[in-house]
Amino acid sequence: MSTSTDIGQPAASPGRLRTARYALVLGGLTAFGPLSIDMYLPALPAMAQDLHAGDATLQLTLAAFVLGVGAGQLVLGPLSDAFGRRKPLLAGVALFVVASLLCVLSPTVELLIAARVLQAFGASAGMVIARAAVRDLFSGIEMARFFSMLMLVTGLAPILAPVLGGQLLSLTSWRGIFGALAAFGALLLIVAAFALPETLPAHRRRPARPAGVLRGYLSLLRDRVFVGYALGAGLAFAAMFTYISASSFVLQGTYGLSPQQYSLVFGGGAVGLVLASQVNGRLVARFRQHTLLVTGLVAGTAGALAMVLASLAGLGLGGVLPPLFVAVASVGLVMPNATSLALADHPEMAGSASALLGVLQFTVGGLTSPIAGLAGEGSALPMALLMAAFAGLGLVSVGTLTRRRGSDQLAEVGVA
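How each quantity is defined
Residues numbered from 1 in each chain as written. Predicted model: local features only at pLDDT ≥ 70, side-chain atom pairs only at ≥ 80, totals over all residues. Heavy atoms only, no water. Helix = DSSP H or I, 4+ residues; strand = E, 2+ residues; numbered from the N terminus. Buried < 20%, exposed > 50% of the residue type's maximum accessible area, 1.4 Å probe, protein only. Contact = heavy atoms within 4.5 Å. Areas by Shrake-Rupley, 256 points an atom, 1.4 Å probe, with all protein chains shown as cover. Patch = residues over 30% accessible without salt bridge, like charges linked within 9 Å, V, L, I, M, F, W, Y side chains within 5 Å. Salt bridge = Lys/Arg side-chain N within 4 Å of Asp/Glu carboxyl O. Axes fitted to C-alpha atoms, helices over the stretch in contact; angles between N-to-C directions. Parallel < 35°, antiparallel > 145°, perpendicular 65-115°, else oblique. Nonpolar A, V, L, I, M, F, W, Y, C, P; charged D, E, K, R; others polar. Left-handed = near helix turned anticlockwise from the far one by under 90°. pLDDT = per-residue confidence, 0-100. Expected span 1.5 Å × (residues − 1).

Engineer: Got a minute to help me understand the overall build of the protein in this structure?
Structural biologist: Helices and strands together make up the secondary structure of the protein, namely 19 helices and zero strands. Of all 416 residues assigned to the protein, the portion counted as buried reaches 58%. Counted over contacts in the protein with a minimum sequence separation of 6, partners at least 24 positions apart contribute 88%. When the accessible surface of the protein is totalled, it reaches about 15,400 Å², and 69% of it is carbon and sulfur.

Here it is, written out as structure tokens:
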């Protein structure tokens, strides 16, 4: 594996306090996605009434955001390889603030969808550049540990977002939720401007010529190991996004939960995800990252299949929630390891590799939203079937495309 420093050592040699500061700032940047997706989920039924839109149409605001994040990462990843991380990052966060205010003012669902695309483009800067900055600073086991630490920070977003969204909904309308997102973006813009240094030195930057960018993406797509891990992460995210997209309607419409009760259930799943990611941070020095990744995908598939059986058997909410918790928590094992393994061999183009990794995640996730929306209310079965299918496909992708990395993975953790 080609690295800019010794395996397991941070390139910039940050101390513990600085590492914690990086985790908070980079975690906040990667939280743009889950906050922008999860915070207004409890308001979707009310938004459908206010904007005179059907459930499937309203879920296009989710799909538009996810697809916009994918497109933004394709542009901003290579730009951060060429100009450094700070300038594209700060410009993107500023765009996020402006677009969030446009969401507040949108009078129709069509204009809201357009504003969500701009909001997503801005959010993509934080997400793609945060991953690239981690690759600038760390490698090997330390990179996987740091990604697990990031999930402790970003995991708070899906825990707090629907709870906060539900509480805000009791005080204001859905427009106030987007106003809160604008305020969060403005705060993080100030913090990032003062607390996040440039992590990519000038001598490691790459020109952002279109032909060169395209060649870089093609080389990544020809790397079957990168594609295997990226698809594993993307399909696991698709399973998660199926849950994100459909759970508001299923849990509130089918099982009768209030917005506040739904937000608590949603937050409980996020607690499981955070706990699994922290367990992963401790296990990564003892077990191969590949093994932990596969374990997460198996658990996700098994949990979703158990949801299918519980729905078919008519076991009600008590039968659906435990396997749903397992399926959601499994992502805490999948994402840190899949991300670390996908980026490991590409330190020279970390921005582009991070962008392509994010695009696969969010594009596949965005395509699930209309499909999940067709299920509507009435049963958890369509949601459970889609989650099982995506998690299972992720397991197949990792199992078939990454086999030749076995000896390399053993070397990464110091196993002879």
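Having seen the model, we can carry on.
Engineer: Would you take a moment to explain a nonpolar patch on the surface for this structure?
Structural biologist: A surface patch of nonpolar side chains, amounting to about 240 Å² of accessible area, comprises Val98, Leu102 and Leu118. You can see Val98 is positioned in helix H6 (residues 86–105).

Engineer: Just to check I follow, could you spell out the pattern of salt bridges for this structure?
Structural biologist: Pairing is possible between side chains that carry opposite charge, provided their charged atoms lie close to one another. This model, assessed by the stated rule, comprises four salt bridges. Across the pair Arg204 and Asp136 runs a salt bridge, and its minimum N-O distance is 3.7 Å. Of the two residues, Arg204 is situated in the loop between helix H10 (174–195) and helix H11 (210–222) and Asp136 in helix H7 (residues 109–137); the sequence distance between them amounts to 68 residues. One exposure class covers both Arg204 and Asp136, and it is buried. For Arg205, the salt bridge identified is with Glu198, shortest N-O distance 3.9 Å. Residue Glu198 is classed as partly exposed on the basis of its relative accessible area, which comes to 32%. Taken together, the salt bridges that share partners define one network made up of Asp81, Arg85, Asp136 and Arg204.

Engineer: Sorry, what's going on with the packing of helix H15 (residues 316–329) against helix H16 (residues 331–343) here?
Structural biologist: Any two packed helices are characterised by the angle at which their axes cross and by the distance between the axes. Here H15 crosses H16 at 10°, and the two axes come no closer than 5 Å. Of the possible angle classes, the one that applies to H15 and H16 is roughly parallel. Facing Ala327, Val328 and Ala329 of H15, the residues of H16 in contact are Val331, Gly332 and Leu333. Across the contact of H15 with H16, the residue classes tally to five nonpolar, one polar and no charged.

Engineer: What am I meant to see in the packing of helix H13 (residues 259–283) against H15 here?
Structural biologist: Contact geometry of H13 with H15 gives a least axis separation of 8 Å together with a crossing angle of 45°. By the angle between their axes, H13 is oblique relative to H15. Where H13 crosses over H15, the handedness of that crossing is right-handed. Where H13 approaches H15, its residues Val265, Gly268, Gly269, Gly272, Leu273 and Ala276 are matched on the opposing element by Leu321, Phe325, Val328 and Ala329. Within the contact of H13 with H15, the residues separate by chemical class into seven nonpolar, three polar and no charged.

Engineer: Honestly, the confidence of the model for the protein in this entry has me stumped. Any pointers?
Structural biologist: It should be kept in mind that the predicted coordinates are not to be read in detail where pLDDT is low. When pLDDT is averaged along the protein, the result is 81; 88% of the residues meet or exceed 70. Confidence drops under a pLDDT of 50 for residues 1–13, and excluding neighbours within four residues, the segment shows 34 contacts in the predicted structure.

Engineer: Would you mind showing me how to read helix H18 (residues 381–401) here?
Structural biologist: Structural remark: α-helix, 3.6 residues per turn; residues separated by three or four positions point the same way. Taking 1.5 Å of rise per residue, the 21 residues of H18 would be expected to cover 30 Å, and the 30 Å separating its terminal C-alpha atoms lies within 8% of that figure. Taken residue by residue, H18 has Met383, Ala384, Leu386, Met387, Ala388, Phe390, Ala391, Gly392, Gly394, Ser397 and Val398 as its buried positions.

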